[in-house]
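Take a look at the letters that make up each chain.
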Amino acid sequence: MSRSMMPRLAAVLACVLGLWLVALPSAGADPVDGVSPVVVPTGAGPEQFGPGDAIRYAEAHPDIAPPGANDFGCRPSPGTLPVVLAHGTDTAAYTDWAGLSPRLKRAGYCVFAPNYGGRPGADHYGTEAISTSAVQFRDFVDRVRAATGAAEVDVVGFSQGATMSRYYVNKLGGADAVRRWVGLASPTYGGVMYGLVPLVRAIPGGVDAVQDFTSLAVVEQMANSDFLAGLNAGSDTVPGVQYTTIGSRYDEMIQPNSNIALRGPGAVNIIVQDLCPIDMSGHFNMVYDQFAQQLVLNALDPTRAVVPECRFVALGTGIPDVVLAANF
């Protein structure tokens, strides 16, 4: 789930229950047949250090790529694999990765970031069936491998991007092509949104109303959804892949936050506050949090791991700027 879509889901639930939560305007969800092909943005945008600025720049520059991403002439540095980034719901590659992508590039990685799961003519992505998006992602990874000559890639997914890419790894044969998978704020077992989702499920037509107002991808990420039950059945990991989740005790969307963690063999689950209690970044700020970004770098290459600098980050950081950026 993404910074832009999840507050919209919260708005729907709040309406139903007579509560108030942070709300962004809906992109609209009239049914549209078909899914647009994956979009590979190529225009280089500037590095960003917060979600609001990234949203504003992306709105003014559609289909812009995160800095350092999507150079198909790039060849991996010795000891590295290409890194493929998967954005969240109702957003785009630049919006989520304008901070981490250039850090990865400076560290010597070939970085790739598609816009997946969009409706025809849409400028926001990650709204359609997650299984369909995973097929697009599989095909994009194959393109990256062919262009770079790498037999494998590493994958980093944020929010829905973590779940979607894990579906590719676990269900579509991606384990043969992925060495390391890293999930930032991954809705592994979905979110109950502070208890709102179970109440919506109890209302006749409540889930359908959420899907109509938001998207199918949002509904599939709710706790106890059929999609997540199928993805996690048996084991939420498969052999041969190194899995790492990086989450926050203060995640605004995935509640309980224990639903971020993988439970399968070999998974490493990291909570930011266990390492830096004064960093209270939540879902909205996770991909722009410097501490979390370094944890991603450490997970991708433990031989070059460094201890991130622990800095104070206030609770709710990023939310006001996201609201302003999306509305004005």
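None of these values were measured; they are calculated from a predicted model.

Parameters and conventions
Residues numbered from 1 in each chain as written. Predicted model: local features only at pLDDT ≥ 70, side-chain atom pairs only at ≥ 80, totals over all residues. Heavy atoms only, no water. Disulfide = S-S within 2.5 Å. Helix = DSSP H or I, 4+ residues; strand = E, 2+ residues; numbered from the N terminus. Buried < 20%, exposed > 50% of the residue type's maximum accessible area, 1.4 Å probe, protein only. Axes fitted to C-alpha atoms, helices over the stretch in contact; angles between N-to-C directions. Parallel < 35°, antiparallel > 145°, perpendicular 65-115°, else oblique. Contact = heavy atoms within 4.5 Å. pLDDT = per-residue confidence, 0-100. Core = buried A, V, L, I, M, F, W, Y, C linked by side-chain atoms within 4.5 Å. Salt bridge = Lys/Arg side-chain N within 4 Å of Asp/Glu carboxyl O.

**A look at the state of the cysteines**
Part 1 of the argument: Scanning the model with the defined rule gives 2 disulfides in all.
Part 2 of the argument: Note on cysteine connectivity: Cys74 is disulfide-linked to Cys110, with sulfurs 2.0 Å apart. Measuring handedness by torsion sign, the sulfur bridge of Cys74 and Cys110 sits at about -80° and is left-handed. Of this pair, Cys74 sits in the loop between β2 (64-65) and β3 (83-86) while Cys110 sits in the loop between α4 (100-106) and β4 (111-112); the two residues are 36 residues apart in sequence, bridging distant segments of the chain. Here Cys74 matches Cys110 in class, with each residue buried.
Part 3 of the argument: When the bonded cysteines of the protein are numbered from the N-terminus onward, they pair as 1-2, 3-4.

**Description of the packing of helix α5 (residues 130-148) against helix α6 (residues 160-171)**
Helix-helix packing is characterised by the crossing angle of the two axes and by the distance between the axes.
Part 1 of the argument: Packing of α5 against α6 brings their axes to within 8 Å, and their N-to-C directions diverge by 70°. In terms of orientation, α5 and α6 fall into the roughly perpendicular class. Side by side, α5 and α6 meet where Ile130, Ser131, Ser133, Ala134, Phe137, Arg138 and Val141 of the first sit next to Gln160, Met164, Ser165, Tyr167 and Tyr168 of the second.

**A few points about the confidence of the model for the protein**
Part 1 of the argument: Averaged over all residues, the pLDDT of the protein is 88; the fraction at 70 or higher stands at 90%.
Part 2 of the argument: Contacts for the low-pLDDT stretch residues 1-33, under 50 throughout, to residues beyond four places or in other chains number 100 contacts.

**As for the nonpolar core**
Part 1 of the argument: Core analysis: the largest hydrophobic core is formed by 34 residues, its most contacted members being Trp97, Leu104, Val156, Leu184 and Ile246.
Part 2 of the argument: Breaking this core down by element, the ones donating at least two residues are α2 (51-60), β3, α3 (93-97), α4, β5 (153-158), β6 (178-184) and α12 (290-300).
Part 3 of the argument: It is α12 that provides the largest number of residues to this core, a total of 7 residues.
Part 4 of the argument: Setting aside anything within four residues of it in sequence, one finds Trp97 in contact with Pro66, Leu85, Ala86, His87, Pro102, Val156, Gly157, Phe158, Leu184, Val287 and Tyr288.

**Side note on the pattern of salt bridges**
Part 1 of the argument: Enumeration according to the criterion identifies 10 salt bridges in this entry.
Part 2 of the argument: Salt-bridge contacts for Asp321 lead to Arg56; the nearest nitrogen and oxygen are separated by 2.8 Å. Of the two residues, Asp321 sits in helix α13 (residues 319-327) while Arg56 sits in helix α2, which places them 265 residues apart along the sequence.
Part 3 of the argument: Looking at Arg56, the relative accessible area reads 34%, which means it is partly exposed.
Part 4 of the argument: With its nearest N and O atoms 3.2 Å apart, the salt bridge here joins Arg138 to Asp139.
Part 5 of the argument: Here the salt bridges share partners, and the residues they tie into one network are Asp53, Arg56 and Asp321.

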